[in-house]
Amino acid sequence: MKFRFKVLFLNLLLLTLALSAIVFFVMQHSVRHTENNLLSGVVQENSILENTIQYELLTHLEGDDSSNLQETIAAYFETSDVVRSFLTPDTALFCYYDDTLCYATDTENIPTDELRTTLENGYKSGMKLRAGDRRYFYVASMSRLYNRPFFVITRRDVTDSYWELRREAAFFSILTGLILLVSGLVLYIISLLVTRPIEKLTAVTDRFAGGDYSQRADVSTGDEIGVLSQHFNHLADSVEGHIDELGDMLRRRDQFVADFTHEIKTPMTSIIGYADTMRRMELSPEDRRMSLDYIYSEGRRLEKMSMKLFDLIYLKDHPIELVPLSAKEIILDAGRSMRPLLEKKKQTLSTNIRDDTIYGDGELLKTVLINLMDNARKASAEGARITVTGAPEDGSDQKYRITVKDTGIGMTEDEVKHITDEFFMADKSRSRKEGGAGLGMSLVSSILSRHKAELSIKSAPGKGTTVDILLPALPPEGKEETDETNA
């Protein structure tokens, strides 16, 4: 069952119960009020008749020495015009003297003895009686005549009044039905207006669940449904963003697998080819030496690539501990590690460092600096200068900036954009010649991300490259002036 019909039926049920209760109590009150009015009229009529009859009887019986008073009383009622003047077609009269019925205008519905047996002198009693489709009110009064009980009982036919109450009940029933019909129509329209935004949101949700992630809810009702619609749109944006990220991750994974396969295939082809040549042919010492050099260099390249891949995987699955470190010590230690490679190309490493305390993992940060210095070395010509500076960020005592700058071949904007992708190499021939696999900057990016550090790269073809790292730092403990060391 749809929600709008549930709302409609529930409201109609509550409205029906409420109207039925109102009609019931109104009719009950009307019945009680009518019965009280009718009974009051019958009592008043009985009182008038009782007083009139007593007076008339005493006058009529004065000086009568008849021993049979019942006959005399009956004869009085038969001839009394005063008594007949009080009686109407709806009124009946019954008189008892000494428990004997002396006079009755209706011999079919004679009142029961219950009215008289419980009645005391000077009091009245009443009762309701239903005979077929007729309804009657009886009122009895008692007095004493010649020391004998004398009862005057009047009866009023109130059937017409009850039929009037039935007509009122029928009118209220019809009115209640009309009210329910109109209310049902109004409630249906209201429930339709209330549930339409929910149905729109449901339809959007179904299309979204079916894979159309561009769907958004266009519901602005200003109520809880509108808030739910906004939350759905926020959720949809988040899901679509995650879907795009997953799609990008899958594309990068496929590209990673393809690049990894290609990077392994090249050195493995060389290793297998030269090894097969040495196995099948007798080579001169020079050719044998050359083959071994190729096998060694390609093997070392595979080793470096596997170690960097291991570092990347390890960083993704294991937490790192950030401890206070000396920025100067880390930079200078990385420079000392690079000295042999720099000396081969007669290059100079110039450092300009102000010491400060930074947060990080010493070995990982050293790996970052070695990779950046090595990239600068590969991109620079022989005899070139590579500059490394380190100082607290201007205007902030919680950041420390490290800059690695070279004057090498530089990169285009597109190359800078993809430099941190796995297996990306701006100059593939030069990188492979230098033993690179395109994983160094990806590893740098992962390490800095785990340190919550910022990486920015500025480069232009033929003008060199500048890499800036902004690391979290503690308040400075001791600053040292700049120095310069040549590798």
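None of the values given here were measured: they were computed from a predicted structure.

Participant: Any chance you could explain empty space enclosed by the protein here in plain terms?
Facilitator: Picture a little ball the size of a water molecule; that probe, rolled over the atoms, points out where space is still empty. As enumerated under the stated definition, the model contains one cavity of 30 Å³ or more in all. The calculated volume of the largest cavity comes to roughly 60 Å³. In terms of lining residues, the largest cavity is bounded by A327, I330, I331, I358, L365, V368, L369, I402, L448, I469 and L471. Partitioning the lining of the largest cavity into residue classes produces eleven nonpolar, no polar and no charged.

Participant: Can you help me understand the packing of aromatic side chains in this one?
Facilitator: Remark: the centre distance and the inter-plane angle together describe each pair of aromatic rings, the angle taken between the planes. A full pass over the atoms with the stated rule returns five aromatic pairs. On the basis of an interplanar angle of 75° and a centroid distance of 5.4 Å, the ring pair of F24 and F25 is categorised as edge-to-face. Judged by relative accessible area, which is 46%, F24 ranks as partly exposed. By relative accessible area, F25 is classed as exposed at 56%. A ring pair is formed by F171 and F172, whose centres lie 6.0 Å apart and whose planes are at 65°; its orientation type is edge-to-face. Taken together, F94, Y136 and Y138 form an aromatic cluster joined through their ring pairs. The ring of Y162 carries the charged tip of R135 above its face, separated from the ring centre by 4.4 Å.

Participant: Before we go on, may I ask you to explain a nonpolar patch on the surface in this structure?
Facilitator: Taken together, the side chains of L10, L13, L14 and L17 present a nonpolar region at the surface, about 400 Å² in accessible area. With respect to the secondary-structure elements, L10 resides in helix 1 (residues 3–61).

Participant: Would you mind showing me how to read the nonpolar core here?
Facilitator: Soluble, globular proteins show a tendency: their nonpolar side chains are buried together. Judged by nonpolar contacts, the single largest core of 38 residues is most densely connected at I358, L372, I402, I469 and L471. Taken together, the elements giving at least two residues each to this core come down to helix 8 (327–344), strand 7 (348–353), helix 9 (362–379), strand 9 (385–392), strand 10 (399–406), helix 12 (440–450) and strand 12 (464–472). Setting aside chain neighbours within four positions, we find L372 in contact with V404, M441, V444, V467 and I469. Among the nonpolar cores identified, the runner-up in size contains 17 residues, and L49, L93, F150 and V152 belong to it.

Participant: I'm lost on the confidence of the model for the protein chain in this one. Help?
Facilitator: Close inspection of predicted coordinates is inappropriate in any region flagged by low pLDDT. Of the residues in the protein chain, 83% have a pLDDT of 70 or more, and the chain-wide mean is 78. The spread of mean pLDDT over the elements of the protein chain runs between helix 11 (residues 428–433), the lowest at 46, and strand 9, the highest at 92. Every residue in residues 428–437 scores below 50 in pLDDT, and together they form 22 contacts with partners more than four places removed in sequence or on other chains.

Participant: Even after reading the chapter, I still don't get the pattern of salt bridges, so can you show me in this structure?
Facilitator: Should the charged atoms of two oppositely charged side chains come close, the side chains can pair. Counted under the stated rule, the structure contains 16 salt bridges. Linking E35 and K128 is a salt bridge whose minimum nitrogen-to-oxygen distance equals 3.3 Å. Here the residue E35 occupies a position in helix 1, and K128 occupies one in strand 3 (residues 124–131), the gap between them amounting to 93 residues. On the basis of relative accessibility, which here comes to 16%, the residue E35 falls in the buried class. A salt bridge links E393 to R401; the nearest nitrogen and oxygen atoms lie 2.7 Å apart. Three or more residues joined by partner-sharing salt bridges are found here, namely D276, R279 and R280.

Participant: Please explain the side chain of D468 as it appears in this structure.
Facilitator: Looking at where D468 falls in the secondary structure, it is placed in strand 12. In terms of polar contacts, D468 uses its side chain to reach the side chain of T403, at 2.4 Å. Not counting residues up to four positions away in its chain, the partners in contact with D468 are R401, I402, T403, E454, L455 and S456.

Participant: Any chance you could explain the sheet that holds strand 11 (residues 454–460) here in plain terms?
Facilitator: Paired through their backbone hydrogen bonds, the strands of a sheet run either parallel or antiparallel. An order of 7-9-10-12-11 is seen for the five strands of this open sheet, with the pairing classed as mixed. The open sheet terminates on both sides in strands that have one partner only, identified here as strand 7 and strand 11. Averaged over all pairs of adjacent strands, the angle between their axes in this sheet comes to 10°, without regard to strand direction. With six bridges joining them, strand 9 and strand 10 adopt antiparallel strand pairing. When the sheet's bridge partners are listed, V388 is paired in strand 10 with V404. Contacts from helix 8 reach strand 7, strand 9 and strand 10, with the element oriented near 175° to strand 7.

Participant: Explain the state of the cysteines to me, please; I cannot follow it from the model alone.
Facilitator: Put plainly, two cysteines are in a disulfide when a covalent bond ties their sulfur atoms together. Applying the stated rule across the entire model yields zero disulfides. This cysteine, C95, is not joined by any disulfide, and C102 carries the nearest cysteine sulfur, 7.4 Å off. On the basis of relative accessibility, which here comes to 13%, the residue C102 falls in the buried class.

Participant: Sorry, what's going on with the packing of helix 8 against helix 9 here?
Facilitator: Packed helices, taken two at a time, are described by their axes: the angle between them and the distance between them. The contact between helix 8 and helix 9 brings their axes to 9 Å, and the two run at 40°. In this view, helix 8 runs oblique relative to helix 9, as classed from their interaxial angle. Regarding helix 8 and helix 9, the two cross each other, and that crossing is right-handed. Along the contact surface, helix 8 presents I330, I331, D333, A334, G335, S337, M338, L341 and L342, while helix 9 presents G362, L365, K366, L369, I370, M373, D374 and R377. In terms of residue class, the contact of helix 8 with helix 9 is made up of ten nonpolar, three polar and four charged.

The rules behind the values
Residues numbered from 1 in each chain as written. Predicted model: local features only at pLDDT ≥ 70, side-chain atom pairs only at ≥ 80, totals over all residues. Heavy atoms only, no water. 1 Å grid on protein atoms, 1.4 Å probe; cavity = no way out; pocket = protein on both sides within 12 Å on 5 of 7 lines; lining within 4 Å. Points joined across faces, edges and corners; volume = space filled by probe spheres on them. Nonpolar A, V, L, I, M, F, W, Y, C, P; charged D, E, K, R; others polar. Phe/Tyr/Trp six-rings, centres within 6.5 Å; stacked < 30°, edge-to-face > 60°. Buried < 20%, exposed > 50% of the residue type's maximum accessible area, 1.4 Å probe, protein only. Lys NZ or Arg CZ within 6 Å of the ring centre and 35° of its normal. Patch = residues over 30% accessible without salt bridge, like charges linked within 9 Å, V, L, I, M, F, W, Y side chains within 5 Å. Areas by Shrake-Rupley, 256 points an atom, 1.4 Å probe, with all protein chains shown as cover. Salt bridge = Lys/Arg side-chain N within 4 Å of Asp/Glu carboxyl O. Helix = DSSP H or I, 4+ residues; strand = E, 2+ residues; numbered from the N terminus. Core = buried A, V, L, I, M, F, W, Y, C linked by side-chain atoms within 4.5 Å. Contact = heavy atoms within 4.5 Å. pLDDT = per-residue confidence, 0-100. Polar contact = N/O pair within 3.5 Å; in protein donor to acceptor, adjacent residues only side chain to side chain. Pairing = 2+ DSSP bridges. Axes fitted to C-alpha atoms, helices over the stretch in contact; angles between N-to-C directions. Disulfide = S-S within 2.5 Å. Parallel < 35°, antiparallel > 145°, perpendicular 65-115°, else oblique. Left-handed = near helix turned anticlockwise from the far one by under 90°.

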